[in-house]
Amino acid sequence: MKTKPLFIVMSAPSGCGKSTLIDMLLQEYHDIVYSISCTTRAPRGEEEDGLDYHFLSKERFEELLKEDAFLEYAKVHDNYYGTLKAPIVEVLAEGNTMILDIDVQGAAKVREYVRSLPNTDPLKIGYVDIFINPPSLEELRERLERRGTDSLEVIEKRMRNAEGEIARAGEYMFQVTNDDLAICYKRLCDLIDALSGRM
Ligand code: 5GP
């Protein structure tokens, strides 16, 4: 079945299950491709080049910046992070869908870029942004505590970030609440199916 290629931008506060939801989508939808960011930071642990990130030197990143190769980028703690335009253009041209996992600030930059494109551009035609909400801030705190990977201090920081991000959820075209993983995933699939013309 031929479907409309989408350019999906997804954001969620940390602990909302966004990575799990994206993994589930990638397993089920073989025409969805995950956008791999570029970074100048060093790989951590088991991270692999071309899988987790494209790990670039600062010089190479700055060269690409000059060539206007990035759809958006940010400098975080002295390291650059950015999303290349070319892979997205290619994936959509092949009739597939690209999914981008990015924070609220990055998503705002992507949105601004897409708005500046002509209405006939495939990135603009396929553009959709989705915000994943936690059921409540209390539930999010409980999840972060249960996860047991963060110190109290880090949890407090994540909670402050989450509040700031949730305050901007209205900027997104769609919001899906992750109160129950299976139900949230089903809502997400229904949304993607409807937007891509799978049903
Ligand atoms: P980390 O170094 O822990 O993998 O990521 C640090 C921060 O960089 C996170 O907040 C992450 O969301 C952000 N980040 C990762 N990739 C990109 C990207 O392509 N663009 C932007 N603007 N931020 C990114």
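Refer to the structure printed above.
Quick caveat, the model's predicted, so the values are computed rather than measured.

Caption draft 1: Focus on the overall build of the protein. When helices and strands are tallied, the protein shows 8 helices and 9 strands. Over its C-alpha atoms the protein spans a radius of gyration of 17 Å, differing by no more than 12% from the 16 Å that the globule rule assigns to 199 residues. Structurally, the protein occupies a C-alpha span of about 45 × 45 × 30 Å along its principal axes. Evaluated residue by residue, the protein yields a buried proportion of 42% over its 199 residues. Across the protein, the fraction of contacts at a sequence separation of at least 24, relative to all contacts at a separation of at least 6, is 63%. In the structure as shown, the protein presents an accessible area of about 11000 Å², 50% of it carried by carbon and sulfur atoms. Side chains of the protein carry 25 positive and 36 negative charges; the gap between the two charge centres is 4 Å.

Caption draft 2: Quick peek at the site of the ligand. Close to the ligand lie S37, R41, R44, Y53, E72, A74, Y81, G82, T83 and I102, which account for all nearby residues. Within the side chain of R44, a nitrogen or oxygen atom sits 2.8 Å from an oxygen atom of the ligand. Within the backbone of G82, one N or O atom sits 3.3 Å away from an oxygen atom of the ligand. Summarising the interface, the protein chains cover 72% of the accessible area of the ligand, which totals 510 Å² for the free molecule. Among the elements of the structure, β5 (70-76) and β6 (79-84) are those that each provide at least two residues to the shell around the ligand. It is β6 that contributes the most residues to the shell around the ligand, 3 residues altogether. Its residues placed into classes, the shell around the ligand shows 4 nonpolar, 3 polar and 3 charged.

Caption draft 3: Region of the structure containing the nonpolar core. Within the largest apolar cluster, 26 residues are counted, with the highest numbers of intra-cluster contacts made by M10, L25, I130, I132 and L188. With 6 residues, the top contributor of residues to this core is helix α8 (residues 181-196). Once residues within four sequence positions are removed from consideration, I132 is found in contact with M10, S11, A12, P13, C16, L21, V176, N178 and L188. V91, I102, V104 and A169 belong to the second-largest nonpolar core, a separate cluster that totals 19 residues.

Caption draft 4: Looking closely at the sheet that holds strand β4 (residues 54-55). Taken together, the 4 strands give an open sheet; going across it, the order is β4-β3-β6-β5, and neighbouring strands pair in mixed fashion. Looking along the sheet, the strands with just one partner apiece sit at the ends: β4 and β5. Of the pairings in the sheet, the one linking strand β3 (residues 38-39) to β4 comprises 2 bridges and is parallel in character. The partner of C38 across the bridge, within β4, is H54. Taken strand by strand, helix α2 (residues 58-66) contacts β3, β5 and β6, and its axis lies near 45 degrees from that of β6. In this fold helix α3 (residues 85-93) packs onto β5 and β6, with an angle of close to 20 degrees to the strand it touches most, β6.

Caption draft 5: The arrangement of the sheet that holds strand β2 (residues 32-34) in detail. Here we have 5 strands laid out as an open sheet, ordered β2-β7-β1-β8-β9, and parallel in their pairing. Edge strands, defined here as strands with exactly one partner in the open sheet, are β2 and β9 (174-177). If you compare each strand with its neighbour and ignore which way they point, the axes differ by 25 degrees on average. Bridge count between β2 and strand β7 (residues 97-101): 3 bridges; the pairing is parallel. Counterpart to I32 in the pairing with β7 is T97. Running at roughly 165 degrees to β7, helix α1 (residues 18-28) makes contact with β1 (7-11), β2, β7 and β8 (127-133) of the sheet.

What counts, and where the lines are drawn
Residues numbered from 1 in each chain as written. Predicted model: local features only at pLDDT ≥ 70, side-chain atom pairs only at ≥ 80, totals over all residues. Heavy atoms only, no water. Helix = DSSP H or I, 4+ residues; strand = E, 2+ residues; numbered from the N terminus. Rg over C-alpha atoms; globule rule 2.2 N^0.38 Å. Buried < 20%, exposed > 50% of the residue type's maximum accessible area, 1.4 Å probe, protein only. Contact = heavy atoms within 4.5 Å. Areas by Shrake-Rupley, 256 points an atom, 1.4 Å probe, with all protein chains shown as cover. Lys, Arg positive; Asp, Glu negative; His and termini not counted. Charge placed at Lys NZ, Arg CZ, Asp CG, Glu CD. Near = heavy atom within 4 Å. Polar contact = N/O pair within 3.5 Å; in protein donor to acceptor, adjacent residues only side chain to side chain. Nonpolar A, V, L, I, M, F, W, Y, C, P; charged D, E, K, R; others polar. Core = buried A, V, L, I, M, F, W, Y, C linked by side-chain atoms within 4.5 Å. Pairing = 2+ DSSP bridges. Axes fitted to C-alpha atoms, helices over the stretch in contact; angles between N-to-C directions.

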